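The chain contents come next:
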Amino acid sequence: MATMIDGESYLGKVMVRPLSKQGDVTMYLWPLRCLKAKFGGPTFGVDVQGVEIIRFDPHGARGHWHKGGYDKLGAGGSHVDYPEDVKESQAQLDWSLDILREQTADYLTEAGYPEAAANLDAELVNAAAEAIKAHLAEQGDLIPDAVSKDLIAA
């Protein structure tokens, strides 16, 4: 699972799911990641043997995602903006889940992990995408709690 960054706060129960039967590829979800800049939202990503490769940050106006190897390239080197027409958090989440389902293998290969890409199990990937939606619904709206704790600006 991705490393939590000093100075950031994480609310809600973390979830981790396998994306391969071998267990070398996993998906994690932080229901609410509060960045130092006082904004946030859910964050989820794909790891290969503990190395984070893909990360999605559907945080609305400042939402973005990372490809190419988050741990290898760093946040700036792997940063990608969402498409111009995908601005709201929910639309970014839906778009990200589609990418997770349809393009994870391509992005793993592109980042230098072809064996991990070959190990992906479509059923596990689909189950993880559905689990993200269910887990976020179960956790509820964590933003008011983050605002009351001054972790996110109102």
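Relevant structure appears above.
J.: Quick rundown of the overall build of the protein? Include the residues and the values.
T.: On a plain count of helices and strands, the protein comes out with five helices and seven strands. Taken over C-alpha atoms, the radius of gyration comes to 15 Å for the protein, in line with the 15 Å a tight globule of 154 residues would show. Along the three orthogonal principal directions, the C-alpha set of the protein runs to about 45 × 30 × 30 Å. Taken across its 154 residues, the protein has 47% of its residues classed as buried.

J.: How would you summarise unusual backbone geometry if you had to cite specific residues and measurements?
T.: Of note in the backbone geometry, Q49 takes a positive phi value of approximately 45° without being a glycine. Counting through the fold element by element, Q49 comes out in the loop between β4 (40-48) and β5 (51-57). Its identity is not glycine, yet D150 carries a phi of approximately 60°, on the positive side. Secondary-structure assignment places D150 in the segment after α5 (143-148).

J.: Could you give an account of the pattern of salt bridges, naming the residues involved and the relevant values?
T.: Throughout the structure, instances matching the rule amount to 11 salt bridges. The salt bridge involving D98 is made with R101; its shortest N-O contact spans 3.4 Å. Of this pair, D98 and R101 both sit in helix α2 (residues 89-110), three residues apart, roughly one helical turn. Residue R101 is joined to E130 by a salt bridge in which the shortest nitrogen-to-oxygen separation is 2.7 Å. Of the two residues, R101 is situated in helix α2 and E130 in helix α4 (residues 122-139); the sequence distance between them amounts to 29 residues. Residue class for R101 comes out partly exposed when judged on its relative accessible area of 28%. Here the residues in one salt-bridge network are D98, R101, E130 and K133, joined through shared partners.

J.: An account of the side chain of D57 is needed here, citing residue identities and associated values.
T.: Counting through the fold element by element, D57 comes out in strand β5. A distance of 2.7 Å separates a polar atom in the side chain of D57 from a polar atom in the side chain of T43. When neighbours within four sequence positions are excluded, D57 is seen to be in contact with R33, P42, T43, G63, H64, W65, H66, Y82 and Q92.

J.: Explain the nonpolar core to me, and be specific about the residues and the numbers.
T.: Among soluble globular proteins, nonpolar side chains are generally buried collectively. Counting residues in hydrophobic clusters, the biggest one holds 30 residues, and the most contacted among them are L19, V25, M27, F44, L100, L108 and I132. Discounting residues that sit within four places of it in the chain, V25 has contacts with P18, L19, S20, V46, D47, V48, L108, A116 and L120. Counting residues in hydrophobic clusters, the runner-up holds six residues, among them L11, L142, A146 and I152.

J.: Outline the packing of aromatic side chains, supporting the account with residue identities and numerical values.
T.: With the rule as written, the count across this model stands at seven aromatic pairs. Ring centres 4.7 Å apart and planes at 65° place the aromatic pair Y10 and W30 in the edge-to-face group. In this pair, Y10 sits in strand β1 (residues 9-11) while W30 sits in strand β3 (residues 25-34), placing the two residues 20 residues apart along the sequence. Comparing Y10 with W30, the two get one shared label, buried. For R55, the ring lying beneath its charged end belongs to Y70, and the centroid distance is 4.1 Å.

Conventions and cut-offs
- Residues numbered from 1 in each chain as written.
- Predicted model: local features only at pLDDT ≥ 70, side-chain atom pairs only at ≥ 80, totals over all residues.
- Heavy atoms only, no water.
- Helix = DSSP H or I, 4+ residues; strand = E, 2+ residues; numbered from the N terminus.
- Rg over C-alpha atoms; globule rule 2.2 N^0.38 Å.
- Buried < 20%, exposed > 50% of the residue type's maximum accessible area, 1.4 Å probe, protein only.
- Salt bridge = Lys/Arg side-chain N within 4 Å of Asp/Glu carboxyl O.
- Polar contact = N/O pair within 3.5 Å; in protein donor to acceptor, adjacent residues only side chain to side chain.
- Contact = heavy atoms within 4.5 Å.
- Core = buried A, V, L, I, M, F, W, Y, C linked by side-chain atoms within 4.5 Å.
- Phe/Tyr/Trp six-rings, centres within 6.5 Å; stacked < 30°, edge-to-face > 60°.
- Lys NZ or Arg CZ within 6 Å of the ring centre and 35° of its normal.

Take it as geometry only, folks, not as evidence of what the structure does.
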